[in-house]
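What follows is the residue order along each chain.
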Amino acid sequence: MKAKDKVALETLRNIKKVFLEAKTAPGANDTLSDADALKIIQKLTKQGKDAATIYIEQGRQDLADEELAQVKVTEAYLPKQMTPEELEAALKEIIAETGAAGDKDMGKVMGVASKKLAGLAEGRAISAKVKELLG
């Protein structure tokens with residue numbers, strides 16, 4: 001607020017609203033774990049990127065710029081994403097660990113990879129790389 005950064009203020013207020021909704025959801029017991037908070041921020045980041053893509057396709061660059069500015073704010077609160085090389089190395093290790101041989105074992109690898117690499121890489125990137133490595 002003091003910095004007069006309207007985009008950051010709006011974005012953080014939205015994140016706070018979603019956190020409060022998650023805390024008061026049935027079964028949440030008025031708590032929100034760090035892992036759940038991280039998932040929420042990742043989800044909001046992904047939604048912002050997807051919305052920006054749609055706006056660009058529809059020729060609304062002004063709205064896309066707003067979304068991307070908000071995404072930039074949320075990404076500051078996420079752990080550093082893995083590089084494609086780091087992701088490939090981690091997935092090769094997981095494939096060796098699970099003993100996966102072909103496309104039929106993709107589910108097995110994805111289950112382990114999704115848990116181990118949560119927050120470090122986007123699910124879409126993990127899936128594409130696993131498909132490439134097993135294919």
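The present account deals with the structure reproduced in this document. If you're wondering where the values come from, they're calculated on a predicted model, not measured in any experiment. (Residues numbered from 1 in each chain as written. Predicted model: local features only at pLDDT ≥ 70, side-chain atom pairs only at ≥ 80, totals over all residues. Heavy atoms only, no water.)

1. Focus: the overall build of the protein chain
Convention followed: Numbering of helices and strands runs from the N terminus; a helix is a DSSP stretch of H or I covering at least four residues, while a strand is a stretch of E covering at least two. Accessibility here uses a 1.4 Å probe with only protein chains present; expressed as a share of the type maximum, an area under 20% marks a residue as buried, one over 50% as exposed, and anything in between as partly exposed. By the convention used here, residues are in contact when the closest approach between their heavy atoms is within 4.5 Å. Here, Shrake-Rupley sampling with a 1.4 Å probe gives the accessible areas, and only protein chains in the shown set may cover a residue.
A count of helical and extended segments in the protein chain gives six helices and zero strands. For the protein chain, the α and β elements follow one another from N to C terminus as α-α-α-α-α-α. By its C-alpha atoms, the protein chain is 55 × 45 × 25 Å across when sized along the principal axes. The buried share of the protein chain, taken over its 135 residues, is 28%. Considering only residue pairs separated by 6 or more positions, the protein chain has 59% of its internal contacts joining residues 24 or more positions apart. With an accessible surface of roughly 9,100 Å², the protein chain has 56% of that area assigned to carbon and sulfur atoms.

2. Observations regarding the environment of Asp103
By the secondary structure assignment, Asp103 is in the loop between α4 (84-98) and α5 (106-116). When residues no more than four places from it in sequence are discounted, the contact partners of Asp103 are Lys131, Leu134 and Gly135.

3. A closer look at the side chain of Thr98
Note the threshold: Two N or O atoms count as a polar contact when they lie within 3.5 Å, although within protein this holds only if one can serve as hydrogen donor and the other as acceptor, and sequence-adjacent residues are included solely when both atoms are side-chain atoms.
By secondary structure assignment, the location of Thr98 is in helix α4. Thr98 sits in the buried class, given a relative accessible area of 19%. At a separation of 3.2 Å, a polar atom in the side chain of Thr98 contacts the main-chain carbonyl oxygen of Ile95. Here Thr98 is in contact with Lys108, Val109 and Val112, once residues within four sequence places are set aside.

Keep in mind these values describe shape, not function.
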